[in-house]
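Report on the structure
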Amino acid sequence: MTIRLPDFKGGSRTYEPRPDPLAVTSGTAFTSRTVFSAAHVVADPYADVSPDSPAAVDWDATLAFRRHLWSHGLGVAEAMDTAQRGMGLDWAGAAELIRRSAAEAKAVGGLIACGVGTDQIAAGTLEGVRAAYEEQLALVEESGAQAILMASRALAAAAKSPEDYLDIYGHLLRQSTEPVILHWLGPMFDPALEGYWGSTDLDAATDTFLEVIAAHPDKVDGIKVSLLDAQREIDLRRRLPKGVRCYTGDDFNYPELIAGDEKGFSHALLGIFDPLGPLAAEAVRVLDTGNVAGFRELLDPTVELSRHLFQTPTRFYKTGVVFLAWLAGHQSHFTMVGGLQSARSLPHFARAYELADGLGLFPDPKLAEERMKTLLSLYGVTQ
């Protein structure tokens, strides 16, 4: 059987789907790396909402996907940008997501960390930003989850100098009950975060970021770096205080960063591990045995898919993530909160399907093929 897929030149090509999925097994937590997958939310397709309405979430399907990730030994990074924070999911929805996912994690023994931001306010004073952070930090800690202090659009708008960042983050770290993960999200993921840490000069911003950590190393479990610059992450990783982890958020260069070098390695907190979950887990288990070459052999071929999903404009990678979850059978439909299913083109979807199928990511290749053909028919592509 073949399927006719549109190309990027207005034509089409014939593709023969892979007959069998990649053989992977579920398993327990890893021993050599701490690995989180940021997880998407599943929209309720029957809700009568518009793109600017509060998100209508299918909670059963959303939590089922988190159980899928936990079953493979992955941790879940909850209520992050992969869950469409600030792109369809507001703070009220995120708060409910945190409560439900944290309770589910406790029930199944899953590892979870949750995003703490300021998205209950659009803008405001530094005092207002601090209060918004405090509200979210309290909710995450009360839920029993680890906190991830995310970059704040409101702080980026209100801060006038690096000292403002030092003050806000210092205050939050002093009052946190457990060590947190600091998240530096680059403007390629969110243009409103341009100039974070008080400078558009990344070297100067890095110095401020490290100053925050150096002042409170006992309150920082690790950092998540999402700048899509492997060498910058390596350089930053080598400057961290002893005991502070680097969690790569580089969806372009993650195999080499996780594998590491003679001076260290990165753990992982990645959006691409949402669609790659079972394969990524299999690779990390190989790495646990000390087999770096085997780890790279499994994970390196996935980079082409990741770079495709995260291509400019990078912030719309969530569309491809949810699309692949639908093809893989993790949800019954391809709709997203905020109507974001329209954010990528048909040729983009076709290439994502082809790359994911080639990797053996679909547990039921026939189902994925049928769903891909359904989407193509809606766009007027006949087989």
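When helices and strands are tallied, the protein chain shows 14 helices and ten strands. Relative to the compact-globule value of 21 Å for 383 residues, the protein chain shows a C-alpha radius of gyration of 20 Å, a close match. Taken along the three principal axes of its C-alpha coordinates, the protein chain extends 60 × 50 × 45 Å. In the protein chain, which comprises 383 residues, the proportion classed as buried is 57%. If you take every contact in the protein chain between residues at least 6 apart in sequence, the share linking residues at least 24 apart comes to 70%. Summed over all atoms, the accessible surface of the protein chain reaches about 15200 Å², with 51% contributed by carbon and sulfur. Of note, the protein chain has its 34 positive side-chain charges centred 3 Å away from the centre of its 50 negative side-chain charges.

Counting 116 residues, the largest nonpolar core has Leu-182, Tyr-196, Phe-273 and Phe-323 as the members making the most contacts within it. The leading source of residues in this core is helix α9 (residues 273-288), at eight residues. Within the second largest apolar cluster, ten residues are counted, among which are Met-80, Ala-113, Met-150 and Tyr-247.

Right, let's talk about unusual backbone geometry for a bit. Following Thr-312, the chain continues into Pro-313 via a peptide bond in cis, with omega recorded as -5°. By secondary structure assignment, the location of Pro-313 is in the loop between α11 (303-309) and α12 (317-327). Its identity as a non-glycine residue notwithstanding, Gln-84 has a phi of 65°, on the positive side. By secondary structure assignment, the location of Gln-84 is in the loop between β4 (75-78) and α2 (91-108). At Leu-228, a residue that is not glycine, the phi angle is positive and equals roughly 55°. Tracing the backbone shows Leu-228 in the loop between β8 (220-226) and α7 (230-237).

Before going further, it helps to spend a moment on the environment of Leu-309. Looking at the secondary structure, you find Leu-309 in helix α11. For Leu-309 and Arg-351, which are 42 residues apart along the polypeptide, the C-alpha to C-alpha distance reads 9.4 Å. When near neighbours in sequence (up to four residues on either side) are disregarded, Leu-309 contacts Ile-272, Pro-275, Tyr-317, Gly-320, Leu-324, Arg-344, His-348 and Ala-352.

Turning our eyes to something else, we now look at the packing of helix α1 (residues 59-71) against α2. Helix-helix packing: each pair is described by the crossing angle between the helix axes and the interaxial distance. Axis separation between α1 and α2 bottoms out at 10 Å; the angle between their running directions is 45°. By the angle class used here, α1 and α2 are oblique. The interaxial crossing formed by α1 with α2 has right-handed handedness. Judged by residue contacts, Trp-59, Thr-62, Leu-63, Arg-66, Arg-67 and Trp-70 of α1 engage Gly-93, Glu-96, Leu-97, Arg-100, Ser-101, Glu-104, Ala-105 and Val-108 from α2. Grouping the constituent residues of the contact of α1 with α2 by class yields six nonpolar, three polar and five charged.

All right, on to the sheet that holds β4 then. Read around the closed barrel, eight strands run β3-β4-β5-β6-β7-β8-β9-β10, paired in parallel fashion. The sheet shows a mean angle of 25° between the axes of neighbouring strands, taken without regard to direction. As paired strands, strand β9 (residues 245-248) and strand β10 (residues 267-270) are joined by two bridges and run parallel to one another. Opposite Thr-248, over in β10, you have Ala-268 as the bridge partner. Contacting β3 (35-38), β4 and β5 (112-116), α1 runs over the sheet at an angle of about 140° to β4. The sheet strands contacting α9 are β3 and β10, and the helix crosses β3 at an angle near 165°.

Once that is clear, we can look at the pairing of β10. Residue alternation in β10 divides its side chains into two sets, His-267 and Leu-269 and Ala-268 and Leu-270, and both sets are buried. Looking at chain direction, β3 and β10 are connected through three bridges and run parallel. Across the sheet, residue Val-35 finds its bridge partner in β10, namely Ala-268. Since β9 and β10 lie parallel, the crossover through helix α8 (residues 254-259) that links them has a hand, and here it is right-handed.

Now for the pairing of β9. Looking at chain direction, β8 and β9 are connected through four bridges and run parallel. Bridge assignment links Val-225 to a residue of β9, and that residue is Thr-248. In this fold, the crossover linking β8 to β9 by way of α7 has right-handed handedness.

Opposite charge on two side chains permits them to pair, given that their charged atoms come into close proximity. The full count for this structure, using the stated rule, is 17 salt bridges. Among the ionic pairs, Lys-366 bridges to Glu-369, the shortest N-O distance being 3.8 Å. Placement of the pair is Lys-366 and Glu-369 together in helix α14 (residues 365-378), with a separation of three residues, close to one helical turn. With a shortest N-O distance of 3.0 Å, Glu-369 and Lys-373 are connected by a salt bridge. Taken together, the residues span about one helical turn, with Glu-369 and Lys-373 both in helix α14 at a distance of four residues. Salt bridges linked by common partners bring Arg-13, Glu-304, Arg-351 and Glu-354 together as one network.

Here we come to helix α3 (residues 126-143). Given a rise of 1.5 Å per residue, 18 residues ought to cover 26 Å, and the 26 Å separating the end C-alpha atoms of α3 matches this to within 8%. Taken together, the buried positions of α3 are occupied by Val-129, Ala-132, Tyr-133, Gln-136, Leu-137, Leu-139 and Val-140. All buried residues of α3 project into a common sector of 160° when viewed along the axis, lining one side. The exposed set on the far side of α3, more than 90 degrees from its buried face, consists of Glu-127 and Glu-142. In this structure, the buried residues of α3 make contact with α2, β5, β6 (146-149), α4 (153-158) and α5 (162-175).

Conventions used here
- Residues numbered from 1 in each chain as written.
- Predicted model: local features only at pLDDT ≥ 70, side-chain atom pairs only at ≥ 80, totals over all residues.
- Heavy atoms only, no water.
- Helix = DSSP H or I, 4+ residues; strand = E, 2+ residues; numbered from the N terminus.
- Rg over C-alpha atoms; globule rule 2.2 N^0.38 Å.
- Buried < 20%, exposed > 50% of the residue type's maximum accessible area, 1.4 Å probe, protein only.
- Contact = heavy atoms within 4.5 Å.
- Areas by Shrake-Rupley, 256 points an atom, 1.4 Å probe, with all protein chains shown as cover.
- Lys, Arg positive; Asp, Glu negative; His and termini not counted.
- Charge placed at Lys NZ, Arg CZ, Asp CG, Glu CD.
- Core = buried A, V, L, I, M, F, W, Y, C linked by side-chain atoms within 4.5 Å.
- Axes fitted to C-alpha atoms, helices over the stretch in contact; angles between N-to-C directions.
- Parallel < 35°, antiparallel > 145°, perpendicular 65-115°, else oblique.
- Left-handed = near helix turned anticlockwise from the far one by under 90°.
- Nonpolar A, V, L, I, M, F, W, Y, C, P; charged D, E, K, R; others polar.
- Pairing = 2+ DSSP bridges.
- Right-handed = clockwise from strand over helix to strand, strands pointing away.
- Salt bridge = Lys/Arg side-chain N within 4 Å of Asp/Glu carboxyl O.
- Expected span 1.5 Å × (residues − 1).
- Arc of directions from axis to C-beta.

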